[in-house]
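These are the residues of each chain, in order.
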Amino acid sequence: MSGFCGWIGGPAVPDARGTLHAMLDTLPEPTDMIRQAFAGAAGAVGCAVHPAAGGFRAADGLAAVWDGSPWWRDEDLAATARAHGHAAALLGGWRRHGAGVLERLAGHVSVAVVDPATGRALAAIDRAGVQSLAYAETPGGGVVFGGTVDAVTAHPAVAAEGLSPQAFHDYLYFVDRVPAPETIRPGVRKLVPGECLVHEAGRTRIRRYWTMPYAPDRAADEATLAGRLRGTLGAAVRRAVADEAPHRVGAFLSGGLDSSTVAGLLADAIDGDRPARAFTIGFEDAAYDESAFARITADHFGLDHEVTAVRPADVAAVFDAVATAYDEPFGNSSAVPALLCAQRARAAGVDLLLAGDGGDELFAGNARYLKDRVFQPYARIPAVLRKALIEPVAGRLSRDSRVTLFRKTARYVAQARLPMPVRVTREGLLSHLPAEAVLAPDLLAEVDRAAPERLVADIWNAAETPSDLMRFMALDLRLTLADGDLRKVGRMCALAGVRVRYPMLDDDVMAFSATIPPELLCKGGRLRGFYKDAFAGVLPRAILDKPKHGFGLPYLEFLRTDPALNAMAREAIDDLKRENLFRPAFLDAEVEALTAPEAQGNGALSIAWDLVTLHRWLARRRDRPAGARAPVAGAAE
């Protein structure tokens, strides 16, 4: 998320400095953050950023702020950044190019420029969506923006009380996150990757300044492309750690393909008197533990490697901090190992971690990319035969039949009939249970149930490629990565006081990935076929051959078997009845499944973690006292 906030235009703010203070108070602000601000009656911007990952500049009545890890494609602006800082380069680029400055800016960065004298402003996030930015239009033609939803709603002109019924429904549809551009607060929106907010003449426009440039290069042979991949990714890792103290840098190492690649490239990039450092989370449950593979990678590259075992007591100790750290409900349980790993790195003196997120979405690593191929033959059956014979017969079969053939046939046809993008995203609770059985009637009455499917279709159709595989990946770049994994890792690292960078999502790596022909990506019917062949001889064979795993947490087992977590979960889910969000019978089934696992069915227990984190998130927002206002350095009137 972005560590700044501000506004332009709209109703007069009697106490601009005080309002900006109140907004800044809501931003996550570890002790090593610095604050700077520019506040005036017609507009303001303030930041709370790590000294090495953000900056601010005010000059000639306007101000610019940035947060993240930017670099410049324009040599003049790059020279300004080297001499005077990125904020000065941003101001110079804004004066010369207006919103076109974004085409010259690269890296995982969010930026804002406020020019109260002309009533103009610009705010944007990076192409991958590593950073985030929320906004709300205000009466009188103004707009408020901030790195969190909480920062935006702290402005007095933003009326966003309660939860958005639509966003809450969509949170359940997409499993554990509120998808952009909506937010959990009514009237507040957020930017999607490669998008910017432009305000001028009392009007706010949201536009795309970048889209993934899918353009397969079929003139280059596979060996050439493989060399380009290794070179581009190696350069991305070197860029990520440039100017960093080698002993203060480390890498997440799950033992998977991407984290192993990044850790190995980090070992090559580090120029110091000690080996590169890597940090791994392990579990007693072998189904979740990948630490043996992480050790193989560490030994292969000579890494200074630490493994931290996670037990139920560790989860209980950080549960509230994880559940309440986000500005919206966020139920991804793997946030816990991400936090514990980042905390261990911080305790070991590491200030910056590299993460491997993004490889699956750029180089075709998610299982459903191949799994969905099973439905393609159905589309080739003549429509008249499907409609007149197959679907009527299959419709009479039960998807819960005890007869295996009948059950599989009914499920296959039901899925095959769905449009491609909808089929691959119907994985959440509401694909297994009707909304009427889950949500309270009053809330459900305000919901457009088809909205999530339209969002999926819009993202799918907006991808500028005829390839279904590339459309799959474009969909995951938005919904799985930007809305999910990047929010998870980024916020947990911030909570631990560690910066994080994602070499796989470097602008040049992303652009290069779009040139790989789709038939190469899953070469030989293998997920990541091209990628694995490109890194054969670089990565250990065991890493190249291992099945896909993930950075998960055995949360259901922990919730079932650990007395403290079980009691907490049952109490929290039962207490959710007070919120009038769910059907009481649905919550009762979840509590029963926690007490007697054999009662699990019809979705019971499958979202127990999401429910408990939701409960804690809601409780914190009721109980949170108003933050004391801290001094703001560098204020300008």
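Residues numbered from 1 in each chain as written. Predicted model: local features only at pLDDT ≥ 70, side-chain atom pairs only at ≥ 80, totals over all residues. Heavy atoms only, no water.

J.: Please clarify how the sheet that holds strand β2 (residues 34–39) should be interpreted in this entry.
T.: Backbone-to-backbone hydrogen bonds join strands into a sheet, with any given pair of strands oriented parallel or antiparallel. What the six strands build is an open sheet, ordered β2-β3-β1-β9-β8-β10; its pairing is antiparallel. Two strands lie at the open edges of the sheet, namely β2 and β10 (189–190), each paired on one side alone. Inspection of the sheet shows strand β8 (residues 134–138) paired to strand β9 (residues 142–146) by five bridges, in the antiparallel sense. Directly across from Glu137, in β9, lies its bridge partner Val143. Across the sheet, helix α1 (residues 16–25) touches β1 (4–8), β2, β3 (43–49) and β9, and the angle it forms with β1 is around 145°. (Pairing = 2+ DSSP bridges. Helix = DSSP H or I, 4+ residues; strand = E, 2+ residues; numbered from the N terminus. Contact = heavy atoms within 4.5 Å. Axes fitted to C-alpha atoms, helices over the stretch in contact; angles between N-to-C directions.)

J.: Please explain the packing of helix α2 (residues 75–84) against helix α3 (residues 86–97) as it appears in this structure.
T.: Packed helices, taken two at a time, are described by their axes: the angle between them and the distance between them. Two elements in contact, α2 and α3, have axes whose closest approach is 7 Å; the angle formed by their N-to-C orientations is 145°. Relative to α3, the crossing made by α2 is right-handed. Taken together, the residues of α3 that come into contact with α2 (itself represented by Leu77, Thr80, Ala81 and His84) are His86, Ala88, Ala89, Gly92, Gly93 and Arg96. For the contact of α2 with α3, the class distribution of residues is four nonpolar, five polar and one charged. (Left-handed = near helix turned anticlockwise from the far one by under 90°. Nonpolar A, V, L, I, M, F, W, Y, C, P; charged D, E, K, R; others polar.)

J.: Help me understand the state of the cysteines, please; the structure alone is not making it clear to me.
T.: As used in these notes, a disulfide is a covalent bond between sulfur atoms, one from each of two cysteines. The tally for this structure, following the rule as stated, stands at zero disulfides. The closest cysteine sulfur to the non-disulfide-bonded Cys341 is located on Cys493, 8.4 Å from its own sulfur. (Disulfide = S-S within 2.5 Å.)

J.: How should I be thinking about the pairing of strand β14 (residues 277–283) in this particular structure?
T.: Remember that side chains alternate between the two faces of the sheet whenever the strand is regular. Along β14, seven of the seven residues are buried, which leaves the element largely enclosed by surrounding structure. Of the two faces of β14, both are covered, the one formed by Arg277, Phe279, Ile281 and Phe283 as well as the one formed by Ala278, Thr280 and Gly282. Judged from the three bridges that link them, strand β13 (residues 249–252) and β14 form a sheet pairing that is parallel. Pairing of Phe252 across the sheet is with Phe279, part of β14. Traced from β13 through helix α7 (residues 257–269) to β14, the parallel crossover comes out right-handed. Pairing geometry for β14 and strand β15 (residues 304–310), over seven bridges, is parallel. In the sheet register, Thr280 faces β15, and the bridge partner there is Val307. Between the parallel elements β14 and β15, the chain passes through helix α8 (residues 291–301) in a crossover that is right-handed. (Buried < 20%, exposed > 50% of the residue type's maximum accessible area, 1.4 Å probe, protein only. Right-handed = clockwise from strand over helix to strand, strands pointing away.)

J.: Is there a simple way to think about the confidence of the model for the protein chain in this case?
T.: Atomic detail in the predicted coordinates should be set aside for any region of low pLDDT. Averaged over all residues, the pLDDT of the protein chain is 89; the fraction at 70 or higher stands at 94%. Low pLDDT (under 50) marks residues 625–637, which in the prediction has 29 contacts with non-local residues, meaning those over four places away or in another chain. (pLDDT = per-residue confidence, 0-100.)

J.: What is the right way to look at α1 in this model?
T.: An α-helix turns once per 3.6 residues; consequently, residues spaced three or four apart project the same way. Among the 10 residues of α1, seven are classified as buried, and the element is accordingly described as predominantly covered. Of the residues making up α1, those classed as buried are Ala16, Gly18, Thr19, Leu20, His21, Met23 and Leu24. Those residues of α1 that are buried are in contact with β1, β2, β3, β9 and α4 (149–153).

J.: Looking at this structure, how should I read the side chain of Arg277?
T.: Mapped onto the elements of the fold, Arg277 is located in strand β14. One buried charge, Arg277, has no salt-bridge partner; the nearest side chain with opposite charge is Asp304, at 4.1 Å. One polar contact links the side chain of Arg277 to the main-chain carbonyl oxygen of His247, over a distance of 3.1 Å. Setting aside anything within four residues of it in sequence, one finds Arg277 in contact with His247, Val249, Gly250, Ala251, Leu266, Asp304, Glu306, Ala348, Gly349 and Val350. (Lys, Arg positive; Asp, Glu negative; His and termini not counted. Salt bridge = Lys/Arg side-chain N within 4 Å of Asp/Glu carboxyl O. Polar contact = N/O pair within 3.5 Å; in protein donor to acceptor, adjacent residues only side chain to side chain.)

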